[in-house]
Amino acid sequence: ALSCLRDLLQYQESGANLQLVVEVAKRYTEQLTSDKLIQLFEEFDCWSGLYLYLGNMVNYTQDKNIIYKYIVAASEVGQFAQIELICRENDHYDADQVKAFLLESNKIKDPRPLIHVCDRHGYIDELTNYLYTNQMYKFIEVYVQRMNQAATPKVVGALLDLNAPEDQIRNLVNTVRPPQCPIDELVEEVEKRVRLTLLLPWLETRFHEGLEDPSLHNALAKIYIDINNNPQHFLMTNKFYDSEVVGKYCESRDPHMAFLAYKRAWGKCDKQLVEITNKHGFFKDQARYCVERQDTELWGLVLAPDNEHRRSLIDQVVATALPECRKPDEVSCTVKAFMNAELPNELIELLERIVLSNSAEYNFRNNKNLQNLLILTAIKADPTRVAGYIDSLDNYDGPDLAKICISETYKL
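About the criteria used
Within each chain, residue numbers correspond to sequence positions counted from 1 in written order. Local features in a predicted model are, by the rule used here, given only for residues with pLDDT of at least 70; side-chain atom pairs are given and counted only at 80 or more, and totals for whole chains, interfaces and linings are based on all residues. Calculation of side-chain values draws on the structure's entire complement of heavy atoms; hydrogens and water are dropped beforehand. Note on geometry: axes are lines fitted to C-alpha atoms, helical ones only across the stretch in contact, with angles between N-to-C directions running from 0 to 180 degrees. A run of H or I in DSSP becomes a helix once it reaches four residues, and a run of E becomes a strand once it reaches two; helices and strands are each numbered from the N terminus. Any angle that is under 35 degrees is reported as roughly parallel, and any over 145 degrees as roughly antiparallel; angles of 65 to 115 degrees are reported as roughly perpendicular and all others as oblique. Should any heavy atoms of two residues lie within 4.5 Å, those residues are considered in contact. Gly is placed with the polar residues, together with every amino acid not listed as nonpolar (Ala, Val, Leu, Ile, Met, Phe, Trp, Tyr, Cys and Pro) or charged (Asp, Glu, Lys and Arg). By salt bridge we mean one thing: a side-chain nitrogen of Lys or Arg within 4 Å of a carboxyl oxygen of Asp or Glu. Accessibility here uses a 1.4 Å probe with only protein chains present; expressed as a share of the type maximum, an area under 20% marks a residue as buried, one over 50% as exposed, and anything in between as partly exposed.

(A) Structural context of the packing of helix α14 (residues 183-191) against helix α16 (residues 214-227). Packing of α14 against α16 leaves a shortest axis separation of 8 Å and a crossing angle of 30 degrees. In terms of their interaxial angle, α14 and α16 are classed as roughly parallel. Only Ser 215, Leu 216, Ala 219 and Lys 222 of α16 make contact with α14, whose side of the interface consists of Ile 183, Asp 184, Val 187 and Glu 191. Per-class residue counts for the contact of α14 with α16 are four nonpolar, one polar and three charged.

Below is the structure:
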């Protein structure tokens, strides 16, 4: 049968012969096998016959080779609309094979089949490269604007790699909006190429639209830090950026900005805040933060015996943070933290600064509980100070403290 068909194809100039071969091939595919029939048509470069034969089954088969051969035949006979249809709707072709054919073919001038293949199977970089290098930028614009805005990040990344003009890229980005265009992916693609400022106008427009996406605000924070556009105000007032992400970004650029970002998290980034302030000697900032936070776990971290920077912190708590404090709760929490850490001598330093210093808040200087605690701590840790405290202070529980002094334990 195949020999008979081969003889007929030798005289395929006769349309009747070709039609007969195609009909026989369709009817007896199972017996003759599609692979041998395809080879037969290709042997005689009978593309029209192959196209007609495979067109009978291309929409019903899952055979990748049949679909591929149909695309090749369609390109040879100029049926480009059918190629686009297959690329757009068929789910069974080999995407790598078809993509490679479309990229190499010099007969298919219309890039839409390639666009569909690349869009459906994630070859956005190669698609962008092909369209841009072949002066088909208009198709890039149409693809992003009308077909798949979600692909914008990959397209922009590829254009940056191709050194496309920034104005061209910026104009393209200005035609898309979230959520169709994912902000986080767009920022990631541009940031890893160190071109984040390119997105500033687009990001600020989204900001003024009221979008709360953390990726948007993270990107703005990074840009404002890099260009020094009042970043301190942004870090202290913006509610939507991720403190951990922005703080990490700032650490190698401006440690003080990193401190502000971590502080704004108010608890979620305490370990990072302690690390950055320890590393750069920001103990005054650390002390103020610990006093304001009033958090037992944080105090336990910074007053731990194995903290090599503990003494530096204590000095700033005593010298700066507590004297500035005007809130009784903050003073109370700090005192308890020193007591929990079993630091009696440091606690005496702290209490002296609160109740004996002329610069201390009046309510704290005359606080009975604080005066009692100072004298009691001195009784236990440094008895030589007790007499001086008794003479200097005037609002403590004398009888109760006297009983403690004359007890067998202290014998004062």
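(B) Up close: the pattern of salt bridges. Using the criterion set out here, one finds 30 salt bridges in the structure. A salt bridge links Glu 23 to Lys 26; the nearest nitrogen and oxygen atoms lie 3.9 Å apart. Here the residue Glu 23 and the residue Lys 26 both occupy positions in helix α2 (residues 15-27), the gap between them amounting to three residues, near one helical turn. Judged by relative accessible area, Glu 23 falls into the partly exposed class, the value being 38%. The partner of Glu 189 in a salt bridge is Arg 193, with the nearest N and O atoms 2.8 Å apart.

(C) Structural detail: the side chain of Arg 206. Mapped onto the elements of the fold, Arg 206 is located in helix α15 (residues 200-208). Look past the residues within four positions of Arg 206 in its chain and what remains in contact with it is Val 176, Arg 177, Pro 178, Leu 211 and Leu 216.

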